[in-house]
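Below are the chains, spelled out letter by letter.
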Amino acid sequence: MQLNGKFPVVVGVTGHRNIVEEDKPAIKAQVIEALKEILALCENRPVVMLNAFAQGADMLCAEAAFELGIEVRAVLPCEKERYINSFDDQKDKSKLFAYLEKTSEQFVSPDIEKCKERYKKAVNMDDESYEYRQLGIYMAEQSHILIALWDGKPPKVEYGCGTVEVIDFALERGKTAVWIKSRRYGDGSPADIKRKWLVSGVSADCGEEYGGKYRVFDSAPEFLKKGLRMI
């Protein structure tokens, strides 16, 4: 789809739902700076955000995008009414209603892997987890850049559908992620909120190694800047 005759740069979102409340203002400020940096990299090319509007990171990123006037499209893990009813916090449910009204488009993520029954048998994956996994894969495939609000820790389970998996889905597909380090509720370590850029460890021979599979950069790597000009 073109906007004003140009193909948009798509920014996806992933992150923890249970971000430490007191950290949210500083994290949101980092998201705003990340989006401003992306807008500058894209020059006159339009930027669109894909957002699932889950509690926590997704909503925080949506707020930042709305403040900057960035178009937001809602990609949901399941049918809208069922998704809304899954929110147990009335405040967040009201936010979801309000934020969805601001989106330019709303749709349900397709089933990318088409193997629900196999995951049920192999790893006892429930329907909700499978839907979120498909959403994560779709987000990774459709985004040029992924904003990730992540604590930097490895995933808890294999074949999951959380933040780390979505980051991996994106980087395995040659995409780039903006990592904003974000504590989860219950993490008693000091806040260490900072913004880095991540790429797959096999896709770059520069940057700092992290976790055995990522390369970390303090600012947008040069090959990303060149790639964005070619979209």
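For the structure given in this document, a descriptive report is provided here. (Residues numbered from 1 in each chain as written. Predicted model: local features only at pLDDT ≥ 70, side-chain atom pairs only at ≥ 80, totals over all residues. Heavy atoms only, no water.)

**Notes on the overall build of the protein**
For clarity, the cut-off: Secondary structure counts use DSSP, requiring at least four H or I residues in a row for a helix and at least two E residues in a row for a strand, with both numbered from the N terminus. Radius of gyration means the value over C-alpha atoms here, while the globule rule gives 2.2 Å times the residue count to the 0.38 power. Burial status follows relative accessibility: with a 1.4 Å probe on protein chains alone, a residue under 20% of its type maximum counts as buried, one over 50% as exposed, and anything between as partly exposed. The contact definition used throughout considers only heavy atoms, calling two residues in contact when any of these lie within 4.5 Å. Under the convention used here, a 1.4 Å probe and the Shrake-Rupley method define accessible areas, while residue burial counts only the protein chains that appear. Within this scheme the basic residues Lys and Arg register as positive and the acidic residues Asp and Glu register as negative, but His and the chain ends are omitted. For charged residues, the charge sits on one atom: NZ in Lys, CZ in Arg, CG in Asp, CD in Glu.
Looking only at helices and strands, one finds 8 helices and 9 strands in the protein. Over its C-alpha trace the protein gives a radius of gyration of 17 Å, about what one expects of a compact globule, namely 17 Å for 231 residues. Along the longest, intermediate and shortest principal axes, the C-alpha atoms of the protein span 40 × 40 × 40 Å. With 231 residues in all, the protein has 51% of them scored as buried. In the protein, the share of contacts with a sequence separation of at least 24, taken over all contacts with a separation of at least 6, comes to 69%. Element-wise, carbon and sulfur atoms account for 48% of the exposed surface of the protein, whose accessible area totals about 11,500 Å². Charge separation in the protein, taken as the distance between the mean sites of 34 positive and 37 negative side-chain charges, equals 2 Å.

**Details of the pattern of salt bridges**
In plain terms, the rule: The salt bridge criterion pairs a side-chain nitrogen of Lys or Arg with a carboxyl oxygen of Asp or Glu, the two atoms within 4 Å.
Under the defined criterion, the tally for this structure stands at 20 salt bridges. As a salt-bridge pair, Lys24 and Glu21 come within 3.1 Å of each other at their nearest N and O atoms. Owing to a relative accessible area of 24%, Lys24 belongs among the partly exposed residues under this scheme. Look at Glu21 and you get exposed, because its relative accessible area is 57%. Between Asp192 and Lys181 there is a salt bridge, with the nearest N and O atoms lying 3.5 Å from each other.

**Brief notes about unusual backbone geometry**
Positive phi values are uncommon outside glycine, yet Glu43 reaches one of about 55 degrees. Residue position: Glu43 is located in the loop between helix 1 (24-42) and strand 2 (47-51). Owing to a relative accessible area of 58%, Glu43 belongs among the exposed residues under this scheme. Here the phi dihedral of Phe53 falls at roughly 60 degrees; this positive angle occurs in a residue that is not glycine.

**Looking at the sheet that holds strand 6 (residues 176-181)**
For clarity, the cut-off: Each pair of strands is called paired provided DSSP finds at least two bridges between the two strands. An axis is simply a line fitted to the C-alpha atoms; with a helix, the fit covers only the stretch in contact. Between two such axes, the angle follows the N-to-C directions and lies from 0 to 180 degrees.
The strand order across the open sheet formed by 9 strands is 4-3-2-1-5-6-7-9-8, and the pairing between neighbours is mixed. Edge strands, defined here as strands with exactly one partner in the open sheet, are strand 4 (105-108) and strand 8 (208-210). Along the sheet, successive strands turn relative to each other by an average axial angle of 30 degrees, direction set aside. Here 4 bridges tie strand 7 (residues 195-200) to strand 9 (residues 214-217), and the two strands are oriented antiparallel to one another. Residue pairing for strand 9: Trp197 is matched across the bridge by Phe217. Packed on one face of the sheet, helix 2 (residues 57-68) meets strand 1 (9-15), strand 2, strand 3 (71-76) and strand 5 (145-150) and runs near 145 degrees to strand 1. Those strands touched by helix 7 (residues 163-172) are strand 1, strand 5, strand 6, strand 7 and strand 9, and its axis lies near 155 degrees from that of strand 5.

**Observations concerning the packing of aromatic side chains**
To describe a pair of aromatic rings, one takes the distance between the centres and the angle between the planes. The criterion, for reference: Aromatic rings from Phe, Tyr and Trp, taking only the six-membered ring of Trp, are treated as a pair when their centres fall within 6.5 Å; an angle between ring planes under 30 degrees marks them as stacked, one over 60 as edge-to-face, and anything in between as tilted.
Scanning all chains against the criterion turns up 9 aromatic pairs. Taking 5.8 Å as the distance between ring centres and 65 degrees as the angle between the ring planes, the aromatic pair formed by Phe66 and Tyr99 counts as edge-to-face. Here Phe66, found in helix 2, pairs with Tyr99, found in helix 4 (residues 90-101); they are 33 residues apart in sequence, far enough to count as distant. Between Trp179 and Tyr210 the ring centres are 5.0 Å apart and the planes differ by 55 degrees, which places this aromatic pair in the tilted class.

**Looking at the pairing of strand 5**
Our working rule: When the strands point away from the viewer and the path from the first strand over the helix to the second turns clockwise, the crossover is right-handed.
Of all 6 residues in strand 5, 6 are buried; the element is thus mostly enclosed. In the sheet, strand 1 pairs with strand 5 via 5 bridges, with the strands oriented parallel. Paired with Gly15 across the strands is Leu149, a residue of strand 5. Read from strand 5 through helix 7 to strand 6, the crossover connection turns out right-handed.

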